[in-house]
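Report on the structure
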Amino acid sequence: MRRSLSIAERNPMEMDASSSPDTSSDSSQRPVLEGERVFFVPYRWWKEGQDAFAAEEDGGGSASAIVYASSPCNAGPMKIITNMFVSDLVFNLKQRGDLSGRLENNDCEVSGRDYALLTEDMWLQTLNRFSCRNDVSKSAHNCGNLVEDSKLEVYPLRLRLSVMRDSNQLTARISKKDNIPEFYKRACKIFSVESEPVQIWDLSGQTASFFMNDKIKVPKDFQRQADQEMLLELQVYKVTDSVKSKSEGRKEDVIVQQSRLASSIMGGSYGKSASLGLLGLQNLGNTCFMNSAVQCLAHTPKLVEYFLGDYSREINQHNPLGMDGELAVAFGELLRKLWAPGRTPVTPQLFKSKLARFAPQFSGFNQHDSQELLAFLLDGLHEDLNRVKHKPYIESKDTPGRPDEEVADEYWANHLARNDSIIVDVCQGQYRSTLVCPVCSKVSVTFDPFMYLSLPLPSTTTRTMTVTLLSTDGLSLPIPYTVNVPKYGKCSDLIQAMGTACALKDDEKLVMAEIYSHRIIRYLEEPSDSLSLIRDDDRLVGYRISKDSVNLPIVVFMHQRLDRHCLTGQITSNSKAFGLPLITCLPNTCNGSDIHHLFQKLMVPFLKPAQEKVHGLDDDGNNRCQKGSEASETSSLDTEGNDSNEKPEFCPQFRFLLSDEKGVTKDVTINVDSALPVTDTCRRLHVLACWPDALIEQYDINHLSNLPEVYKSVLFAKRPPESVTLYACLEAFLKEEPLGPEDMWYCPSCKMHRQASKKLDLWRLPEVLVIHLKRFSYSRFVKNKLESFIDFPIHDLDLSRYIARKTGQSYYYKLYAVSNHYGSMGGGHYTAYVHHLGENRWYDFDDSHVSPISEDKIRTSAAYVLFYRRNAVGPSQT
């Protein structure tokens with residue numbers, strides 16, 4: 001059974017604190033509660049007014065408070081059905097009890113989602129305290145001017161409340177029908193308890209009467225109904241910048257003390273401050289990624305000093321790219337808690353709820369990437385704290401013929417005209433990007449800001465490719481070579497890598513080709529062609545040819561055999577291609593006997609050991625087909641016109657047919673004395689070698705058939721751990737390389753998209769340099785983490801040889817924090833190593849556990865994000 005109650009509806013601008021409720025209007029429909037209007041204000045605002053002027057005589061209001069914690073209504077079929085047709089905001093308010101004692105001792109945790117219910121006297125008194133005490137009377141009845149100034153910041157909001165008998169819980173409903181649309185939208189932002197809870201501190205004593213029969217005056221003619229609700233009208237007061245500015249003078253001493261404390265903490269000279277900043281963060285469920293990134297930022301000296309000071313004056317609530325300042329406030333409050341005295345780990349519930357609200361990708365309790373969170377957080381803090389209120393439109397200009405220094409300064413000035421915050425001051429640098437068109441050689445130079453450097457591991461900038469090397473003189477078997485080439489390199493890079501791997505001589509060259517279905521489908525003849533056109537499952541071969549033979553005609557041998565199978569009791573046969581195509585050079589004048597001779601010579605390495613006595617080699621390495629018992633039974637070759645002392649006797653079992661490049665026969669048999677159709681316009685002859693079964697047994701055709709893929713991907717296979725320096729990663733990042741196919745550059749000269757080459761150079765370095773090591777690699781089917789050990793400097797990271805513009809400042813950096821990732825890609829665990837300046841030692845922050853760690857254990861293969869700060873005096877002497 002429900003009891004119903006209402007507070008009279010009154011215009012807050014037409015009533016004073018002493019007036020009584022008007023019960024003449026609609027009194028038969030609602031009961032009336034005696035008392036003043038109830039003002040709904042941010043609790044922190046009221047509390048600051050009490051704390052900052054604690055020495056004054058208390059002029060009204062009691063410190064006794066009943067706290068209500070909000071929670072979503074229980075889900076169920078009725079709720080789901082209701083939400084389909086009604087968009088009212090419904091939530092529960094449950095009593096947490098009287099927290100008077102904790103309130104007086106300042107032992108209550110308060111967030112930006114805490115609000116207070118005040119009487120009108122208490123509201124006016126707090127306004128008085130935030131105003132100039134010498135000009136405004138302390139009496140609540142003489143505050144007419146102050147009320148007039150605050151009229152625009154007070155608006156009515158109607159709530160319907162219901163309470164169960166013998167219960168300490170209220171159900172609140174905010175309906176569109178009861179409120180102006182604009183006020184309803186504001187209410188939805190305040191009471192969005194689905195994403196983060198709200199606490200309401202009742203300091204007015206009004207809601208206590210909802211649970212006490214003797215304090216409710218119900219008209220005799222009021223008809224009580226079981227489903228009726230109480231209608232409560234709140235006067236919502238939003239604290240404005242003008243009110244805040246009036247209190248700035250009052251809080252000046254407090255701000256100065258906070259700034260001094262921040263400086264002392266970072267310097268380690270403030271009494272007990274050396275032990276501050278060693279609080280852990282509770283893991284709320286797979287939030288170690290967030291804890292790791294936050295601890296690194298929370299120990300960044302410049303940011304600690306900033307957020308322990310009065311940063312609120314720089315909050316930009318009008319930036320459409322920001323989060324209304326809420327992210328900055330949530331982070332600032334979290335950082336202050338981490339640097340507050342105590343030993344209890346901090347629960348980052350409010351900060352986590354803000355992340356879920358503004359970045360849904362971080363909602364829930366799945367594992368995420370600490371670097372992705374860091375990127376969002378730095379960008380969000382920048383936008384929330386951007387000192388530029390109105391960003392000017394700046395059109396970029398072409399830079400031909402102008403000095404780089406002039407252009408870079410102009411780019412940086414344009415950037416600062418739209419972006420000016422503590423994050424820009426501390427974390428942002430600038431690099432030069434140079435693009436060169438591969439066709440017209442057009443050069444484009446731009447200067448772009450960066451917040452952090454994402455450095456590739458050298459193994460991620462290269463591509464492993466396997467190419468089978470074939471000789472064209474019959475001296476060796478096919479040999480596969482595996483080489484590393486730039487990931488987005490060119491064919492010339494592959495040819496160069498293969499030449500180094502096979503020790504190619506100066507008088508030799510490689511002819512690269514792609515094999516498909518036992519034939520050459522294309523030659524890699526254009527050095528500038530991109531290697532991205534070659535897939536991992538393609539098959540490549542390289543033919544080793546003498547440079548002296550480059551201008552000679554080439555013959556391409558393809559292989560064919562009879563494939564027999566039984567079908568409906570009858571044996572049928574058909575021709576089937578197999579093996580690798582072999583190529584060699586032809587003399588300018590040649591005939592069919594040369595074809596027979598050259599093929600036999602190429603096949604010598606494939607002979608089985610038992611056949612070496614039959615098919616031997618002469619002193620010059622030529623194939624000599626000796627006549628045995630089997631060979632004598634076959635017809636002899638027509639060697640008329642040939643010098644038998646210079647050319648070997650040829651085995652007659654092979655039959656050769658002219659074909660096209662696809663291996664389709666032209667039904668033209670090449671006899672020993674046949675003329676060859678080689679002309680100046682057709683310098684490539686394609687021949688099909690037909691293998692009888694008897695010869696297949698004499699040769700090891702497995703060497704002809706085994707052709708490996710360019711790259712054989714093995715699921716769950718891990719690369720062997722490698723050890724590289726941070727400088728090698730930086731050089732891989734700055735190295736000139738072609739753009740990927742998905743990042744084609746539009747050349748203004750060619751008027752087309754081109755795969756330009758790109759070169760980066762560091763131009764301007766920030767005070768704090770964040771370096772992200774790209775350990776996670778992605779392919780079409782496999783996600784992998786690289787466990788490479790990166791040898792990074794701790795004390796003296798020297799970037800002087802990588803900076804393109806020397807300005808005389810120090811380019812040495814010192815490590816102060818590391819975000820670590822342990823385990824595999826889909827899960828794992830994040831921790832943070834932080835150097836505490838106050839104690840001058842390293843600590844391991846593992847969620848809520850904080851423990852000292854020696855400096856020699858900082859370098860591990862788990863290092864993921866590195867945080868460096870500039871050494872103003874150059875390299876350290878340690």
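All figures in this text were calculated on a predicted structure; none of them were measured in a lab.

So, on to the environment of Met 323. Summarising the element assignment, Met 323 is placed in the loop between helix H10 (301-307) and helix H11 (326-338). According to the relative accessible area criterion, Met 323 is buried, its value standing at 10%. Non-local contacts of Met 323, meaning those with residues more than four positions away in its chain, are made with Phe 358, Phe 376, Gly 380 and Asp 384.

Moving on: the pattern of salt bridges. Going through the model one piece at a time under the given rule, you end up with 29 salt bridges. For Glu 326, the salt bridge is made with Lys 354, and the minimal N-O distance between the two is 2.5 Å. Here Glu 326, found in helix H11, pairs with Lys 354, found in helix H12 (residues 349-358); they are 28 residues apart in sequence, far enough to count as distant. Residue Lys 354 is classed as buried on the basis of its relative accessible area of 8%. Several salt bridges converge on common partners, so that one network encompasses Glu 314, Arg 387, Asp 420 and Asp 425.

What follows is about helix H17 (residues 592-603). The end-to-end C-alpha separation of H17 is 17 Å, in line with the 16 Å expected for 12 residues at 1.5 Å each. Of all 12 residues that make up H17, 11 are buried, and the element is covered over most of its length. Within the sequence span of H17, burial applies to Gly 592, Ser 593, Asp 594, Ile 595, His 596, His 597, Leu 598, Phe 599, Gln 600, Leu 602 and Met 603.

We now examine the packing of aromatic side chains. Under the defined criterion, the tally for this structure stands at 33 aromatic pairs. Between Phe 599 and Phe 654, the ring centres sit 5.1 Å apart and the planes meet at 75 degrees, which makes this aromatic pair edge-to-face. In this pair, Phe 599 is assigned in helix H17 and Phe 654 in the loop between helix H18 (629-633) and strand S21 (655-659), connecting sequence segments 55 residues apart. A single burial state applies to Phe 599 and to Phe 654, both of which are buried. Ring pairs connect the aromatic residues Phe 557, Phe 578, Phe 599, Phe 654, Phe 656, Trp 691 and Tyr 699, which therefore count as one cluster. We note Arg 561 situated over the ring of Phe 578; from NZ or CZ to the ring centre the distance is 6.0 Å. Here Arg 801 stacks its cationic end above the ring of Tyr 727, 5.3 Å away from the centre of that ring.

What describes two packed helices is the angle between their axes and the distance between those same axes. Running from N to C, H11 and H12 cross one another at 160 degrees; their axes reach a closest spacing of 9 Å. Taken together, the axes of H11 and H12 lie roughly antiparallel to each other. As for the relative orientation of H11 and H12, their crossing is left-handed in sense. Residue-level contacts link Glu 326, Leu 327, Ala 330, Phe 331 and Leu 334 of H11 to Phe 351, Lys 354, Leu 355, Arg 357 and Phe 358 of H12. Counted by class, the contact of H11 with H12 contains seven nonpolar, no polar and three charged residues.

In this section: the sheet that holds strand S10 (residues 443-450). Sheet architecture is open: four strands sit in the order S10-S9-S28-S25, paired in antiparallel fashion. Two strands bound the open sheet, and with one partner strand each, they are S10 and strand S25 (737-738). Note: S25 against strand S28 (residues 757-764), two bridges, orientation antiparallel. Bridge assignment links Glu 737 to a residue of S28, and that residue is Lys 758. Along the sheet, helix H14 (residues 404-418) makes contact with strand S9 (429-436), S10 and S28, crossing S10 at roughly 40 degrees.

Moving on to the pairing of strand S16 (residues 539-546). Here strand S12 (residues 462-471) runs beside S16; their pairing, made up of five bridges, is parallel. Looking across to S16, one finds that Val 467 is bridged to Leu 540. Examined bridge by bridge, strand S14 (residues 508-516) and S16 share eight bridges and lie antiparallel to one another. When the bridges of S16 are listed, Glu 514 appears paired with Leu 540.

In this section: the nonpolar core. If you look at the biggest cluster of nonpolar residues, it comprises 58 residues, and the most contacted ones within it are Phe 307, Phe 351 and Phe 867. Here Phe 307 is in contact with Ala 328, Phe 331, Gly 332, Leu 335, Arg 336, Leu 381 and Leu 385, once residues within four sequence places are set aside. Among the nonpolar cores identified, the runner-up in size contains 42 residues, and Ile 515, Cys 590, Leu 658 and Leu 695 belong to it.

This part is about the sheet that holds strand S22 (residues 665-669). The strands making up a sheet associate through backbone hydrogen bonding, with each pair oriented either parallel or antiparallel. Read across the sheet, five strands follow the order S18-S17-S23-S21-S22 without closing on themselves; strand pairing throughout is mixed. Single-partner strands in this sheet number two, and they are strand S18 (570-585) and S22. Ignoring which end each strand starts from, the neighbouring axes of this sheet average 35 degrees apart. Two elements, S21 and S22, share two bridges in a ladder whose sense is antiparallel. Bridged to Ser 659 within S22 is Thr 665.

Turning our eyes to something else, we now look at the packing of H11 against helix H13 (residues 370-384). The interhelical angle for the contact between H11 and H13, taken along N-to-C directions, is 115 degrees, at an axis separation of 8 Å. Judged by the inter-axis angle, H11 sits roughly perpendicular to H13. Judged by the sense of rotation from one axis to the other, the crossing of H11 with H13 is left-handed. Residues Glu 326, Leu 327, Ala 328 and Phe 331 of H11 form the contact with H13, whose participating residues are Phe 376, Leu 377, Gly 380, Leu 381 and Asp 384. A breakdown of the residues in the contact of H11 with H13 according to their chemical character gives six nonpolar, one polar and two charged.

Moving on, we come to the confidence of the model for the protein chain. Mean pLDDT over the protein chain works out to 77, with 73% of the residues at or above the 70 mark. Scored below 50 in pLDDT, residues 213-227 makes 29 contacts in the model with residues more than four places away or belonging to other chains. Low pLDDT, under 50, characterises residues 266-272; the predicted model gives this stretch nine contacts beyond four residues in sequence or across chains.

Moving on to the environment of Gly 663. Looking at the secondary structure, you find Gly 663 in the loop between S21 and S22. Residues Gly 663 and His 559 lie 104 residues apart in sequence; the distance between their C-alpha atoms is 8.8 Å. Ignoring sequence-local partners within four residues, the contact set of Gly 663 consists of Met 558 and Leu 688.

This paragraph deals with H13. Taking 1.5 Å per residue, 15 residues should reach 21 Å; H13 reaches 21 Å between its end C-alpha atoms and fits that length. Among the 15 residues of H13, 13 are classified as buried, and the element is accordingly described as predominantly covered. For H13, the N-terminal cap is Asp 369; the gap from its side-chain oxygen to the backbone nitrogen of Gln 371 is 2.8 Å.

Rules used in this analysis
Residues numbered from 1 in each chain as written. Predicted model: local features only at pLDDT ≥ 70, side-chain atom pairs only at ≥ 80, totals over all residues. Heavy atoms only, no water. Helix = DSSP H or I, 4+ residues; strand = E, 2+ residues; numbered from the N terminus. Buried < 20%, exposed > 50% of the residue type's maximum accessible area, 1.4 Å probe, protein only. Contact = heavy atoms within 4.5 Å. Salt bridge = Lys/Arg side-chain N within 4 Å of Asp/Glu carboxyl O. Expected span 1.5 Å × (residues − 1). Phe/Tyr/Trp six-rings, centres within 6.5 Å; stacked < 30°, edge-to-face > 60°. Lys NZ or Arg CZ within 6 Å of the ring centre and 35° of its normal. Axes fitted to C-alpha atoms, helices over the stretch in contact; angles between N-to-C directions. Parallel < 35°, antiparallel > 145°, perpendicular 65-115°, else oblique. Left-handed = near helix turned anticlockwise from the far one by under 90°. Nonpolar A, V, L, I, M, F, W, Y, C, P; charged D, E, K, R; others polar. Pairing = 2+ DSSP bridges. Core = buried A, V, L, I, M, F, W, Y, C linked by side-chain atoms within 4.5 Å. pLDDT = per-residue confidence, 0-100. Polar contact = N/O pair within 3.5 Å; in protein donor to acceptor, adjacent residues only side chain to side chain.

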